[in-house]
Structure formats: structure tokens, C-alpha cells
Amino acid sequence: MAPYASDDTTTTGDADGPRTGRRRAARYVVPVAVMGVAAATIGLVPALADSGDPDLPEITAQQLIEKIAKSDVQQLSGTVKISTDLGLPDLGGLESGLLSGAGRQDGGSGSSADPSARLTELANGTHTLRVAADGPDRQKLSLLENAAEYSLIHNGKDVWGYDSESNEVYHSTAGDTDRGQREDEVPATPKEFAEQALKAVDDTTSVTVDGTAQVAGRDAYKLLIKPKQSGSTVGAVSVAVDAKTGMPLKFTLTPASGGAAVVDAGFTKVSFARPAASTFDFTPPKGAKVTEGEEAAGHAPEAAPELKGKAGKELGKELDGLKVIGEGWNTVATFDTGGQGLPTGSEAGELGAFGGFLDSLGDKVNGRFGSGTVFTTRLVNALITDDGKVYAGAVTKDALVKAANAGR
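Residues numbered from 1 in each chain as written. Predicted model: local features only at pLDDT ≥ 70, side-chain atom pairs only at ≥ 80, totals over all residues. Heavy atoms only, no water.

A look at unusual backbone geometry
Of all residues except glycine, most have a negative phi; of all peptide bonds, most are trans.
Thought 1: In this structure, Asn146 takes a positive phi of about 55° despite not being glycine.
Thought 2: With respect to the helices and strands, Asn146 occurs in the loop between β6 (138-145) and β7 (148-155).
Thought 3: Notably, Ala216 is not glycine yet its phi reads approximately 55°, a positive angle.
Thought 4: Judged by its relative accessible area of 26%, Ala216 is partly exposed. (Helix = DSSP H or I, 4+ residues; strand = E, 2+ residues; numbered from the N terminus. Buried < 20%, exposed > 50% of the residue type's maximum accessible area, 1.4 Å probe, protein only.)

A short note on the packing of aromatic side chains
Thought 1: Counted under the stated rule, the structure contains 2 aromatic pairs.
Thought 2: Seen in terms of ring centroids, Trp160 and Phe282 are 5.3 Å apart; in terms of plane orientation they differ by 45°. Their pairing is tilted. You can see Trp160 sitting in strand β8 (residues 158-163) and its partner Phe282 sitting in the loop between β14 (263-271) and β15 (289-292), a full 122 residues away along the chain.
Thought 3: When its relative accessible area of 14% is taken as the criterion, Trp160 is described as buried.
Thought 4: Look at Tyr162 and Phe282: their rings are 5.7 Å apart centre to centre, the planes differ by 45°, and that puts the pair in the tilted class. Of this pair, Tyr162 sits in strand β8 while Phe282 sits in the loop between β14 and β15, and the two are 120 residues apart along the sequence. Comparing Tyr162 with Phe282, the two get one shared label, buried.
Thought 5: Through a chain of ring-to-ring contacts, the aromatic side chains of Trp160, Tyr162 and Phe282 assemble into a single cluster. (Phe/Tyr/Trp six-rings, centres within 6.5 Å; stacked < 30°, edge-to-face > 60°.)

Listed below in C-alpha cells is the structure:
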């Protein structure tokens, strides 16, 4: 496949306050939504089709983004493969427990079918999903795990989660707030990842049409998004866009450090025919334990280990003072815990098993800000200073130290 001959394109876009704040905030939401950090602005310089497989008409990056925005696919079914590699350290299985949620542990008060716990599993490893949709009131997503299956079904006013392994059911209504809203926050399909990426736009990004491809048997254009700034951990984002419908079929985020993609989500099979109505029918199996959404909310699992103790209580207050510094791809979120740095002694003991890994996982750094510890993944890094300030973003360790020095 030959690449398109394409010029770099950027535009400034609107700079209204609330909208700009939302865009900038989208750059550091973790663990899954941060995958939308690769935002872009699109110009009008044509990206001409030279040759490729398939051979599609010429299109500009601006036109391709507009095609995505106008896409209105109401019916589909297919299979999605998603691989996520944040480069998290091996904690002997501890990280799996943290991602899955305390409610899934034996003896916990939460349901293993609660989507707020189950869908966060997509933040790590490789998973296969079956998806189906028939308009805004009927969707189904099934997470396949060896011989077991977890399904999340939205049919009219009802939202059902079913874990076949434990034979547990979670039920809520589509109008529920709090937990119901969280169910919609976890990207699971290429379209959802692309939408997250396009929420944050500025003029620090180059965007080109980078040839064509076939995804799940469909002809597609490839949109390539890359940072112009140095200091970002993001190398590039590639979105394969269905040439006919404008729906993203594949989303790939590669890190600046090279190697495997941080996120690679794409359809392996897709059909735009209307799924059978029975696809969205669900009745709790005989003998299944059913947890209602209100019940789960009233018996929420105990706070995660890292939020226990005095430091955890103060953290909740200080998050209200979250600030965003820097611009574009070098945006860093920062807040002050009020003098609570990394816990030591008895405070470290409150973290349980996780506390013992802190020193070995972080890198000690020094600067005009003083001293602190940097914790890194392949995408998101965080600096916690000894006097309790936190700096986090999809930027390098050096960029975090620079931000801390500037915020001193």
C-alpha cells in the first residue's frame, strides 16, 4: 500500500473557555479515557490518492474528519479485537484485582456482573468483543473470556449485565445516574476511541490522510495524527475510517518510545445489517443472583487501598483544586495534596500489598521543586513530590520535572 502524498495540516479552532477546558482535561483522564489524548485539528490542504489498496477517490483530512462527524450508523453487528499495553509492571496479579474492582473479590458486596468493574478490564491485555446495535435504545456488548462470557445489554429502559461464570446479573435502568453514567465512559469500540481522541483539539498536531486499507473486508481511509511538540509520550494515532459510512473501523495508538501499540482496537468482522430483535432480549437465568443498581450503589465496595487513611481523605478534597498547565500535547494535570507526599511508616502500611511496591516502581528525581518520585507507564506518567504535589500527563519524565520546576 502506497501512502498518500499529503501536506501537514493544522488549524486553531475555537478557544471558548468551557470547551477548551474540556478538551484539555481529556488529555489526562486515566486509565482508559486517556487513550483519547491524541487529538487533532484539521486543515484544508488536499491529501491526494496516489496509489493504494484499495484505490479510493482523493480526500482531504478535513473532509475525512467531517465524514466521521456525519457518520450516523444506527445498525451494526460484528467482532472487535482490542489489545491494550500500558506497560504496567508485574505486581503478581495485584494490578488485575485493582482494575477489576474490589466488588469482584470473594466476600465483596459488589456484583461480578457490575459493568463499572468488568469493562475496566479492557485497560489491560487482549480481549475479544462481540458488539451489536439497533438505534439508540438497543445495544449489546459481550466480552469473551475462554469458556465464559460477560454481556452488557441495553434494551429500552433496561440495562443488564450478565457474568456467565458466576451466574450473576446486574440490572439498572437507562435513566440511572451515577453508576449508569460510568457504564458509558469506557471506550470499547474503534468509534468510541476515535470520539475520545477528537474531543481535544489544538494547533500543535499534524494530521494527514495516510493512504488506504482494508479492515474487516471494508475499504477505508487512514487518518494519521501526530504531535508536533516534543516531550509527549504519544507517537501517533491512526484511525481507519470506513470509506462508505464514515465509521471508524480501527484505532491504533503507538507510543513515542516505539514498540507495540498502547491501544489497538479494530473490527475483525462487521455488518451494517439490522440485528435480529432477539439479540437484545435478556431474562435472568434460573438460579442467577440479581443485583439491582440501587442496591449496588448502596453497598459500594470499600475504597481502593491507595485511597485509605488520612492521605486518601485529603486527596478527595484536593482534586477539586485540579489545575491544568502547559498546552497541546505537553498538557499536565497538577494538584496539591496539602503536604501529603508518598506515605511512609504506618501510613505506607495502610496501602497493604501495594505499598511495598512503591519504592521499587518509581524513579527518584530532583529539581528546583525539590525531590520526588516518577511513576511511569508507556503512555501516562506521574510525578509525586516529597511535599505532596502531583503532576501527571501523557508526557515524558523530563517534561514532568520541567512542569514541576515551572510550578514551584
